[in-house]
Amino acid sequence: MSQDESGRYRTGQTALLATVAEAEPVVEHRRAQFDASAAAGIPAHVTVLFPFLDIGLISAAIIGDLTTLFAGHDPFTVRFDECGRFPDVLYLAPTPAQPFRALTESIADRWPEAPPYGGQFAEVIPHLTVAHGQSPRVFDEVEAELAGRLPVTATISSVGLFVSDGRSWRRHADFPLVGASDNTSPHRPSSPSIHNS
């Protein structure tokens, strides 16, 4: 996730994120130092799609569509074994990455007006940001520290819809990944958990 040119997120902006609670003990301290999204209330995560539709455009029908779409994906286990880098970002690389790509592609196909990262990149590489906007020396130090604390194994069982008020983010809804292997309710996917706080 990235901020706009003013250094702030826009009010009403939304993001679909796979949060990774299992990574928090490993990355929380460094994210607090070097990832502005942490200070804005975003937990450790792999971005599924950002930016998504502004919250004023997200109707009950769209929430229903998101529920159905995500329910069609199986929960999955992922390992973060090593760090990777973009020119301005140090991140944990997930293995396998394909389930995250599948989630992103399914949302982008359904809502082509909301391409990943605004269409800035030809390829979307799933990642869990630890630090951005730092010097290579800082990235080297953080990577060396993290190397001794990996791997992290996590289960991804839902995707959260987060909403910005311009300064901070709050979780608005959670969409369970149900998948074909769950036959408890073949015709009715699990309802999302809506947060009204």
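One can find the structure itself at the top, above this paragraph.
Quick caveat, the model's predicted, so the values are computed rather than measured. (Residues numbered from 1 in each chain as written. Predicted model: local features only at pLDDT ≥ 70, side-chain atom pairs only at ≥ 80, totals over all residues. Heavy atoms only, no water.)

Engineer: Any details on the nonpolar core? Residues and values, ideally.
Structural biologist: One finds L16, F52, F70, I107 and L128 to be the most contacted residues of the largest nonpolar core, which totals 47 residues. Element by element, the count of residues in this core is highest for helix α3 (residues 60-71), at five residues. In this structure, A15, L17, I42 and Y117 belong to the second largest nonpolar core, which totals nine residues. (Core = buried A, V, L, I, M, F, W, Y, C linked by side-chain atoms within 4.5 Å. Buried < 20%, exposed > 50% of the residue type's maximum accessible area, 1.4 Å probe, protein only. Helix = DSSP H or I, 4+ residues; strand = E, 2+ residues; numbered from the N terminus.)

Engineer: I'd love a proper account of the environment of A39, names of residues and values included.
Structural biologist: Here A39 lies in helix α2 (residues 36-39). The exposure class of A39 is exposed, given its relative accessible area of 73%. Sequence separation of A39 and W169 is 130 residues, and the distance between their C-alpha atoms is 9.5 Å.

Engineer: Give me the lowdown on the packing of aromatic side chains, citing residues and values where you can.
Structural biologist: Counted by the stated rule, this structure contains five aromatic pairs. On the basis of an interplanar angle of 65 degrees and a centroid distance of 6.2 Å, the ring pair of F50 and W169 is categorised as edge-to-face. Note that F50 is positioned in the loop between β2 (45-49) and α3 and W169 in strand β8 (residues 169-176), a separation of 119 residues in sequence. Residue F50 is classed as buried on the basis of its relative accessible area of 3%. On the basis of an interplanar angle of 85 degrees and a centroid distance of 5.2 Å, the ring pair of F52 and W111 is categorised as edge-to-face. (Phe/Tyr/Trp six-rings, centres within 6.5 Å; stacked < 30°, edge-to-face > 60°.)

Engineer: Give a description of the pattern of salt bridges that names residues and reports values.
Structural biologist: The full count for this structure, using the stated rule, is nine salt bridges. Measuring nitrogen to oxygen at the nearest pair gives 3.2 Å for the salt bridge that ties D35 to R31. Neither residue differs from the other here; D35 and R31 are each classed as buried. The closest approach of N and O atoms between D140 and R85, which form a salt bridge, is 2.6 Å. Here D140, found in helix α5 (residues 136-147), pairs with R85, found in strand β3 (residues 76-86); they are 55 residues apart in sequence, far enough to count as distant. On the basis of relative accessibility, which here comes to 35%, the residue R85 falls in the partly exposed class. Three or more residues joined by partner-sharing salt bridges are found here, namely R85, D140 and E143. (Salt bridge = Lys/Arg side-chain N within 4 Å of Asp/Glu carboxyl O.)

Engineer: Which residues make up the sheet that holds strand β5 (residues 128-132), and what values go with them?
Structural biologist: With respect to topology, four strands assemble into an open sheet ordered β5-β4-β3-β6, the strand pairing being antiparallel. In the strand order of this sheet, the two ends are held by β5 and β6 (152-156), each with one partner. Strand after strand, the sheet turns through a mean of 35 degrees between neighbouring axes, direction not considered. Packed onto the sheet, helix α1 (residues 24-34) meets β4 (89-95), β5 and β6 and runs at close to 40 degrees relative to β5. Across the sheet, α5 touches β3, β4 and β5, and the angle it forms with β3 is around 150 degrees. (Pairing = 2+ DSSP bridges. Axes fitted to C-alpha atoms, helices over the stretch in contact; angles between N-to-C directions. Contact = heavy atoms within 4.5 Å.)

Engineer: Which residues make up the packing of α1 against α5, and what are the values?
Structural biologist: Close contact between α1 and α5 brings their axes to 11 Å; oriented N to C, the two are set at 165 degrees. Here α1 is positioned roughly antiparallel relative to α5, judged by the angle of their axes. The handedness of the crossing between α1 and α5 comes out as right-handed. For the pair α1 and α5, contact is made by V26, V27, R30 and F34 and by V138, V142, E145 and L146, respectively. (Parallel < 35°, antiparallel > 145°, perpendicular 65-115°, else oblique. Left-handed = near helix turned anticlockwise from the far one by under 90°.)

Nothing here speaks to function; it is geometry throughout.
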